[in-house]
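Coordinate analysis (summary)
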Amino acid sequence: MNTHSPARSAEYDAFHAARARTDVVARLYAEAMGEDYPAEVAASSSCDWPLLGLLAARLRMRPGQLLVDAGCGTGGIGLWLARALTVRLHGFDLSPVAAAQAAARRTHFLGPHASRAHFRVAELENTGLPDGCAHGIVCVDALGRAADRGATLRELGRLLAPGGTLAVTRALRRDADPEWQHELAAAGLTQEHVDERPREPAMWERLYRLWIAHADQLRRELGETAAENMLREAHQKLPTLPGRRAVLLTLRRRPQAPAGPGAADRMGEGGRQGGDRPVPDERTPQ
């Protein structure tokens, strides 16, 4: 059963609701990323054109398979990949506001095939999705915000069909040894690729400095609560960026001999799965 906590989602709800009222956040992301900014995706993350291409290549999915976007925000990354790879999509996010906005974007990306994509409200550690339902999972800049990173990896590993792929962004200190191997083993995952993202730390530095420089505009256009949350993040994170190493991890669940149709093939395209919350559709109020 999903145990979504409104208290945990309140900050994200405020941010996404405020961002829908103005383009100031998108403009600052575009300025920080420059020509690497994928305007159509408009993600509130480090997702840029190089990462989108890398995700598509590392997932290696076949048309019609199921992609899960974990911590999907307003859905742009998963929807872009669903269109590019001709796959089905199931996205979930802690924020009901973000999930509703993601559902409203389906037609823009998928047109008459919008029914291939569904979104729900769920937490990373407790998705409510069936075992082995996904052929591929993407998790961009969400794992670091999880309440329990190990529990999240175990949950995402549970969702993967045998042989399925999880592509997740991670960050660590450049002089530190990666500590994720024991977490991967506990989740039944093996490491397939580690792709460096050398431009990511500098992008965050540019973005955070832009937020601080435009503090008055953010307060005026987003409101005091959303703006102060962003500015607090900027001031807290800026000192941590020197020496930051950012990577994309590609992880694989070990293949097994199938005993019959897998959950990933049986999973229906309806809006409910096993007693979870209803998935917002395009009529969900924003």
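Structural data are supplied above this passage.
A brief report on the enclosed structure follows. Keep in mind that what you see is a predicted model, and the values were worked out from it rather than measured. (Residues numbered from 1 in each chain as written. Predicted model: local features only at pLDDT ≥ 70, side-chain atom pairs only at ≥ 80, totals over all residues. Heavy atoms only, no water.)

**Things to note about the overall build of the protein**
Rule in force here: A run of H or I in DSSP becomes a helix once it reaches four residues, and a run of E becomes a strand once it reaches two; helices and strands are each numbered from the N terminus. The buried label goes to any residue with under 20% of its type's maximum accessible area, the exposed label to any with over 50%, and the partly exposed label to all in between, with areas taken from a 1.4 Å probe on protein chains only. The contact rule is simple, with two residues in contact once any of their heavy atoms fall within 4.5 Å. For accessible areas, the Shrake-Rupley method is used with a probe of radius 1.4 Å. Any residue's cover is judged against the shown protein chains and nothing else.
Secondary structure summary: the protein contains 12 helices and seven strands in total. In the protein, which comprises 286 residues, the proportion classed as buried is 53%. Put simply, of all contacts in the protein between residues at least 6 apart along the chain, 77% involve residues at least 24 apart. Approximately 12,700 Å² of the protein is accessible, and the part contributed by carbon and sulfur atoms is 52%.

**Looking at the side chain of Thr 127**
Applied cut-off: Pairing of N or O atoms within 3.5 Å defines a polar contact, subject to two protein rules: one partner must be a possible hydrogen donor and the other a possible acceptor, and residues neighboring in sequence count only if both atoms are side-chain atoms.
Within the element layout of this structure, Thr 127 appears in the loop between strand 3 (117–121) and strand 4 (134–139). Within polar-contact distance, the side chain of Thr 127 engages the backbone nitrogen of Leu 129 at 3.2 Å.

**Things to note about the packing of aromatic side chains**
Note the following rule: A pair of aromatic rings is counted whenever rings of Phe, Tyr or Trp (Trp by its six-membered ring) have centres within 6.5 Å, and the orientation is called stacked for planes under 30 degrees apart, edge-to-face for over 60 and tilted otherwise.
Using the criterion set out here, one finds four aromatic pairs in the structure. Residues Tyr 29 and Trp 211 carry aromatic rings whose centres are separated by 6.4 Å and whose planes lie at 70° to one another, so their mutual orientation is edge-to-face. Of this pair, Tyr 29 sits in helix 2 (residues 24–33) while Trp 211 is found in helix 9 (residues 200–213), placing the two residues 182 residues apart along the sequence. Per residue, the accessibility class of Tyr 29 equals that of Trp 211, and both read buried. Residues Trp 49 and Trp 80 carry aromatic rings whose centres are separated by 6.0 Å and whose planes lie at 70° to one another, so their mutual orientation is edge-to-face. With a gap of 31 residues between them, Trp 49 in helix 3 (residues 49–59) and Trp 80 in helix 4 (residues 76–85) connect regions that are remote in the sequence. Residue Trp 49 is classed as partly exposed on the basis of its relative accessible area of 39%. Grouped by ring-pair contacts, the aromatic residues Tyr 29, Trp 204, Tyr 208 and Trp 211 constitute a single cluster.

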